[in-house]
Amino acid sequence: MAHLSDLNSHQRIDLSGCRRLSPTGLQTESGLSSQEHLRWHRAGAAAEGLPALKNLPNLTTLDVSDNTGFNGDGLQHLTQLMSLSVACPRGSISNDSLQRLVGLTKLVSLDLGGGDQIDDRGLALLHGIKNLQSLNLYGCHKVNDAGFNQLFTALPNLETLN
């Protein structure tokens, strides 16, 4: 942890593959409260402690992609996020997971790629995120035309849909 305290002046940190570093340790022991961008790709079980990241008030971009056991727990606390990636082939992101995103109204970009458990009911939970401009649903095979059509109506700022 002592090495992380040297990163206070950096706004972007990539901790991909750091499976033994917990979010609590990242925030409390290192004093990285100025972080704006955090990439925690393939962090395994470490990504399950996201509630601790709510104490990073400047965090606007979070990538916790390719964490197969991650179900989105803790995301509801990160209301300042503008960009979020939870993409994971055969991951654990489901309709229940999307319920945690309802309060993330500042999101402009959302990557749910590989969310093969997401269907039209889950997609409807995103209708309140009116600032959403970019949405990746590649691999969300349970979403059908009706779900897409309702999404286009509900999200007038949506410019990119994959």
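Everything discussed here concerns the structure shown above.
A quick note: this is a predicted structure, and the numbers were derived from the prediction, not measured.

Conventions we followed
Residues numbered from 1 in each chain as written. Predicted model: local features only at pLDDT ≥ 70, side-chain atom pairs only at ≥ 80, totals over all residues. Heavy atoms only, no water. Salt bridge = Lys/Arg side-chain N within 4 Å of Asp/Glu carboxyl O. Helix = DSSP H or I, 4+ residues; strand = E, 2+ residues; numbered from the N terminus. Buried < 20%, exposed > 50% of the residue type's maximum accessible area, 1.4 Å probe, protein only. Arc of directions from axis to C-beta. Contact = heavy atoms within 4.5 Å. Polar contact = N/O pair within 3.5 Å; in protein donor to acceptor, adjacent residues only side chain to side chain.

Chemist: I tried to follow the pattern of salt bridges on my own but got confused; where do I start?
Modeler: If the charged atoms of two oppositely charged side chains come close together, the side chains can form a pair. Per the counting criterion, the structure on display carries 4 salt bridges. Residue Arg42 is joined to Asp66 by a salt bridge in which the shortest nitrogen-to-oxygen separation is 3.8 Å. Here Arg42, found in the loop between strand 2 (37–39) and strand 3 (61–63), pairs with Asp66, found in the loop between strand 3 and strand 4 (83–85); they are 24 residues apart in sequence, far enough to count as distant. Across the pair Arg100 and Asp73 runs a salt bridge, and its minimum N-O distance is 3.9 Å. With Arg100 in the loop between helix 2 (95–99) and strand 5 (109–111) and Asp73 in the loop between strand 3 and strand 4, the pair connects residues that are 27 residues apart, well separated along the chain. Relative accessible area serves as the criterion here: at 22%, Arg100 is assigned to the partly exposed category.

Chemist: Looking at this model, I keep getting lost on helix 4 (residues 145–154). Mind explaining?
Modeler: One turn of an α-helix holds 3.6 residues; hence residues three or four places apart share an orientation. Every buried residue of helix 4 is listed here: Gly147, Leu151 and Ala154. Buried residues of helix 4 fall within an arc of 70 degrees about the axis and therefore sit on the same side. Exposed and facing more than 90 degrees away from the buried side of helix 4 are Asp145 and Thr153. Where helix 4 is buried, its residues meet helix 3 (120–124), strand 6 (134–136) and strand 7 (160–161). Of the residues that open helix 4, the one with a side-chain oxygen 2.9 Å from the backbone nitrogen of Ala146 is Asn144.

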